[in-house]
Amino acid sequence: MVLWHPSVSPVERKPKAGKKLLGAPPLILSGSFALLILLGTCLLKLPFATTAPISWIQSLFTATSAVTVTGLVVVDTGTQFTMFGQTVIALLIQCGGLGLMTFAIVTLIALGGRIGFLQRTVAREAFNQTDASTLTSTAKSVLVFALLVEVIGMAILTLRWQGELGWSDSLFHGFFYTISAFNNAGFALSADSLMPYVDDITVNLTITALFIIGGLGFTVWIDLRRHRRWSKLTVYSKMMIIGTCLINGVALIAIYLIEYDNPNTLAPLSESGKWLASWFQAVTPRTAGFNTLAIDQLEDATTAIILVLMFIGGGSLSTASGIKVVTFMVLLLATYAFLRRDEAIYVYKREIARDTVSKALALSLISIGMTWFAIFCLLLSESAEMTDVVFEAVSALGTVGLSRGLTGSLSDVGEFIIIFMMFAGRLGPLTLAYFLASPRKKKLRYAETKLAIG
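Residue indices follow the written sequence of each chain, beginning from 1 at its first position. Local features in this predicted model are restricted to residues whose pLDDT is 70 or higher, and side-chain atom pairs enter the listing and the counts only when it is 80 or higher, whereas totals over whole chains, interfaces and linings include all residues. In computing side-chain values, all of the structure's heavy atoms are included and hydrogens and water are not.

**Q** I would appreciate a short explanation of the overall build of the protein in the present structure.
**A** Strands are runs of DSSP state E lasting at least two residues, helices are runs of H or I lasting at least four, and both sets are numbered from the N terminus onward. Each helix and strand in the protein was counted, giving 20 helices and two strands. Classification of residues uses two cut-offs on accessible area relative to the type maximum, computed with a 1.4 Å probe and protein chains only: under 20% is buried, over 50% is exposed, and between them is partly exposed. Burial status across the protein gives 49% buried among its 454 residues. We call two residues contacting when some pair of their heavy atoms lies within 4.5 Å. In the protein, once contacts between residues fewer than 6 apart in sequence are set aside, the share between residues at least 24 apart is 70%. Looking at the protein as shown, the accessible area adds up to about 22,900 Å², and 65% of this sits on carbon and sulfur atoms. The accessible surface values rely on the Shrake-Rupley method and a 1.4 Å probe; as for residues, cover is taken only from the protein chains in view.

Pasting the structure below:
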């Protein structure tokens, strides 16, 4: 076996940077999402997709918001788009939410194809999986589970709205809202979202159940299905479940107490209505995007809570975005361990790897940096209040879809900024950072140094 020949220089044998970049899984994923957005833009621009002509940038904004399952809109979905246009939006949401790789893998399997090394690498990046051998079963489980949950949700909502809208309209509303909710998109067929149903227990519980199930993460549900006992669940599943319950519970109580006497939100409602509205607003910032209360009428303290919730987001391998719940918990555990002067970070009798902490820190800092840059650019391009701008930027990066009213009045530059933030938020800041810095291993290491911190 010849390892090296004098006629072949090391430079010639070294892979070119361009080829390495073209084969990068994040680039393939980004390209797939970009192509889907482009297709959606063209479909939404068709004359029979809208009731009145819309501009190309409005079509691009809507398609991007749908594919990235954000829910921010520059034109009203219910009145500006025909049933064909609304169906296109729903399908874009479904593809963007479940992930192109899920559909690609299942389709390939159905056609009798085999998944190659590159496809496995791309899919593993999409699913955030470390074991490539489980990708096929994971993809199948994700698709079956998602469709089953959506069928149940659609049936419940259709029956609820049948008396109000009739069978035809209630069926379409059930279809649209189920897909939008399960995929944490937040698109609604009414300009005031779900505000007319602020105290409707069926609509509130069904919609929140759909986006909590979708946002919890498919790996958690697969883990629950396989083991069905708390002691046998993975550390990730335990952290995700505990974190979700704690965050939702604290947010529920805080919003209830803060908004209780607010005449523009909870004050006019009955006691049960207050709890339902508080519950909905506590869980919807986890990238769902629906609202049953006027967001711009909330107290500033509530707005601050929602900003944190939008930034955290949901779970990995889910329809939600944000830095993710477990990322947030890892940062808290790392901080706690540092304050206690512990040598390692432990959770459920397991040690958290240092590279996991580094990844969580990098993701959070990149997200904060991108958000700050978007806020800075929006302050230059828009004539709006600081609170509205901050809210819009965080909502876009977290692909939440909540807005204080700024979206509809954005300039063309502002729309492009939000489009970029939605795209970046869905793919993940770390995926984008992959393009900027390829991993390098150095043979030479220098002596450590101590730096003053704080």
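Next comes the rest of the write-up.
**Q** I keep staring at the nonpolar core and nothing clicks. Help me out?
**A** Here is a general trend for soluble globular proteins: nonpolar side chains tend to be buried in one another's company. Ranked by size, the top nonpolar core spans 80 residues in total, and within it Tyr 177, Ile 207 and Phe 290 carry the most contacts. Broken down by element, the residue count for this core peaks at eight residues, all from helix H19 (residues 412–427). In terms of nonpolar packing, the next biggest core, distinct from the first, is built from 24 residues, Val 220, Ala 251, Leu 252 and Ile 312 among them. Side-chain atoms within 4.5 Å link the members of a nonpolar core, which is a set of buried Ala, Val, Leu, Ile, Met, Phe, Trp, Tyr and Cys residues.

**Q** Is there a simple way to explain the environment of Gly 289 in this structure?
**A** Its place among the elements puts Gly 289 in the loop between helix H14 (271–283) and helix H15 (300–312). Given a relative accessible area of 4%, Gly 289 falls into the buried group. A sequence separation of 96 residues divides Gly 289 from Ser 193, and the C-alpha atoms of the two residues are 9.1 Å apart. Ignoring any residue separated from it by four or fewer positions in sequence, one finds Gly 289 in contact with Gly 186, Thr 284, Val 400, Gly 401 and Leu 402.

**Q** What should I look at first to understand the packing of helix H17 (residues 354–381) against H19 in this one?
**A** Their axes nearest at 9 Å, the elements H17 and H19 cross at an angle of 170°. It follows that H17 is roughly antiparallel to H19 by the angle criterion. Residue-level inspection shows Met 370, Thr 371, Ala 374, Cys 377, Leu 378 and Ser 381 of H17 in contact with H19, the latter providing Val 413, Gly 414, Ile 417, Ile 418, Phe 420, Met 421 and Ala 424. Throughout, the ten residues Ala, Val, Leu, Ile, Met, Phe, Trp, Tyr, Cys and Pro are labelled nonpolar, Asp, Glu, Lys and Arg are labelled charged, and all others, Gly among them, are labelled polar. Here the contact of H17 with H19 is composed, by residue class, of 10 nonpolar, three polar and no charged. For helices, the fitted line uses only the C-alpha atoms of the stretch in contact; every axis is such a line through C-alpha atoms, and the angle between N-to-C directions lies from 0 to 180 degrees. Each angle gets one of four labels, with under 35 degrees taken as roughly parallel, over 145 as roughly antiparallel, 65 to 115 as roughly perpendicular, and the rest as oblique.

**Q** Can you walk me through the packing of H17 against helix H18 (residues 386–397) in this structure?
**A** Think of two packed helices as two axes; the pair is described by the angle between the axes and how far apart they sit. At a minimum axis separation of 9 Å, H17 and H18 run at an interaxial angle of 135°. Relative to H18, H17 is oriented oblique. Taken as a pair, H17 and H18 cross one another with a handedness that is right-handed. In contact with Ser 367, Met 370, Thr 371, Ala 374, Ile 375, Leu 378 and Leu 379 of H17, H18 contributes Met 386, Val 389, Val 390, Ala 393, Val 394 and Leu 397. It is the rotation of the near helix from the far one that decides the hand of a crossing: anticlockwise by less than a right angle makes it left-handed, clockwise makes it right-handed.

**Q** Sorry if this is basic, but what is going on with the layout of surface pockets here?
**A** It is the rolling of a water-molecule-sized probe over the atoms that shows where space remains empty. The calculated volume of the second largest pocket comes to roughly 480 Å³. The residue makeup of the lining of the second largest pocket, split by class, is 12 nonpolar, 12 polar and four charged. For each structure, a 1 Å grid was placed over the protein atoms alone; sets of points admitting a 1.4 Å probe that cannot get out are labelled cavities, open sets with protein on both sides within 12 Å along at least five of seven lines are labelled pockets, and lining residues have an atom within 4 Å of a point. Grid points are joined across faces, edges and corners, and a volume is the space filled by probe spheres set on the points.

**Q** What exactly am I supposed to notice about helix H11 (residues 201–216) here?
**A** One turn of the α-helix equals 3.6 residues, which is why residues spaced by three or four share an orientation. To estimate how far a helix should reach, multiply one less than its number of residues by 1.5 Å. With 16 residues, H11 should cover 22 Å at 1.5 Å per step; its first-to-last C-alpha distance of 22 Å lies within 8% of that length. Taken together, the buried positions of H11 are occupied by Val 203, Asn 204, Thr 206, Ile 207, Thr 208, Leu 210, Phe 211, Gly 214, Gly 215 and Leu 216. Here a polar contact is recorded for every N or O atom pair within 3.5 Å, except that within protein the pair must consist of a potential hydrogen donor and a potential acceptor, and residues adjacent in sequence are included only if both atoms are side-chain atoms. Residue Asp 200 occupies the N-cap position of H11, its side-chain oxygen lying 3.0 Å from the main-chain nitrogen of Thr 202. A positive backbone phi angle near 110° is found at Gly 217, which sits one or two residues after H11.

**Q** When you look at the packing of aromatic side chains in this model, what are you seeing that I'm missing?
**A** Any aromatic ring pair is given by two values, namely how distant the centres are and how the planes are angled relative to each other. Stacked, edge-to-face and tilted labels apply to pairs of Phe, Tyr and Trp rings (six-membered ring for Trp) whose centres lie within 6.5 Å, assigned for plane angles under 30 degrees, over 60, and everything in between, in that order. Following the criterion strictly, the structure yields 12 aromatic pairs and no others. Seen in terms of ring centroids, Phe 172 and Phe 175 are 5.9 Å apart; in terms of plane orientation they differ by 45°. Their pairing is tilted. Pair noted here: Phe 172 and Phe 175 are both in helix H10 (residues 167–182), with a separation of three residues, about one helical turn. Pairing Phe 211 with Phe 280 gives two aromatic rings, centres 5.9 Å apart and planes at 90°, and the pair type is edge-to-face. Of the two residues, Phe 211 sits in helix H11 while Phe 280 sits in helix H14, which places them 69 residues apart along the sequence. Phe 280 sits in the buried class, given a relative accessible area of 0%. One aromatic cluster is present, formed by Trp 161, Phe 172, Phe 175, Phe 176, Tyr 177, Tyr 197 and Phe 290 through successive ring pairs.

**Q** Please explain the environment of Val 198 as it appears in this structure.
**A** Position of Val 198 among the secondary structure elements: in the loop between H10 and H11. Residue classification places Val 198 among the buried positions, given a relative accessible area of 12%. Taking the C-alpha atoms as reference points, Val 198 and Ala 277, 79 residues apart in sequence, are found 5.9 Å from one another. Setting aside its immediate chain neighbours within four residues, Val 198 contacts Asn 204, Leu 269, Gly 273, Leu 276, Ala 277, Thr 292 and Leu 293.

**Q** Any chance you could explain a nonpolar patch on the surface here in plain terms?
**A** The patches described consist of residues with a relative accessible area above 30% and no salt bridge, like charges being joined within 9 Å and nonpolar side chains (Val, Leu, Ile, Met, Phe, Trp, Tyr) within 5 Å. Every case where a carboxyl oxygen of Asp or Glu lies within 4 Å of a side-chain nitrogen of Lys or Arg is listed as a salt bridge. Together, Trp 230, Ile 242, Leu 246 and Tyr 348 give the surface a local cluster of nonpolar side chains, amounting to about 380 Å² of exposed area. Inspection of the secondary structure assignment puts Tyr 348 in the loop between strand E1 (346–347) and strand E2 (350–351).

**Q** Before we go on, may I ask you to explain the pattern of salt bridges in this structure?
**A** Pairing is possible between side chains of opposite charge, provided their charged atoms come close. Overall, the coordinates contain four salt bridges when judged by the stated rule. Between Arg 340 and Asp 342 there is a salt bridge, with its nearest N and O atoms 3.2 Å apart. Its relative accessible area of 32% is what places Asp 342 among the partly exposed residues. Residues Arg 404 and Asp 388 are paired through a salt bridge, measuring 2.6 Å at the closest nitrogen-oxygen approach.

**Q** I tried to follow unusual backbone geometry on my own but got confused; where do I start?
**A** Across residues other than glycine, the phi torsion is negative in most instances, and most of the peptide bonds are trans. If you check the backbone angles, Val 69 has positive phi at about 45° while not being a glycine. One can find Val 69 in the loop between helix H4 (56–67) and helix H5 (77–80). Non-glycine residue Thr 287 carries a positive phi angle of around 80°. Within the secondary structure, Thr 287 sits in the loop between H14 and H15.

**Q** Honestly, the environment of Thr 335 in this entry has me stumped. Any pointers?
**A** Turning to its location among the elements, Thr 335 is positioned in helix H16 (residues 325–339). Assessed through its relative accessible area of 45%, Thr 335 is described here as partly exposed. In this structure the side chain of Thr 335 is engaged in a polar contact, spanning 2.8 Å, whose partner is the backbone oxygen of Leu 331.

**Q** What is the right way to look at the side chain of Asn 262 in this model?
**A** The residue Asn 262 is located in the loop between helix H13 (235–259) and H14 in this model. On the accessibility criterion, Asn 262 (4% relative accessible area) is buried. Excluding residues within four positions of it along the chain, Asn 262 makes contact with Ala 267, Pro 268, Gln 297, Leu 298 and Glu 299.

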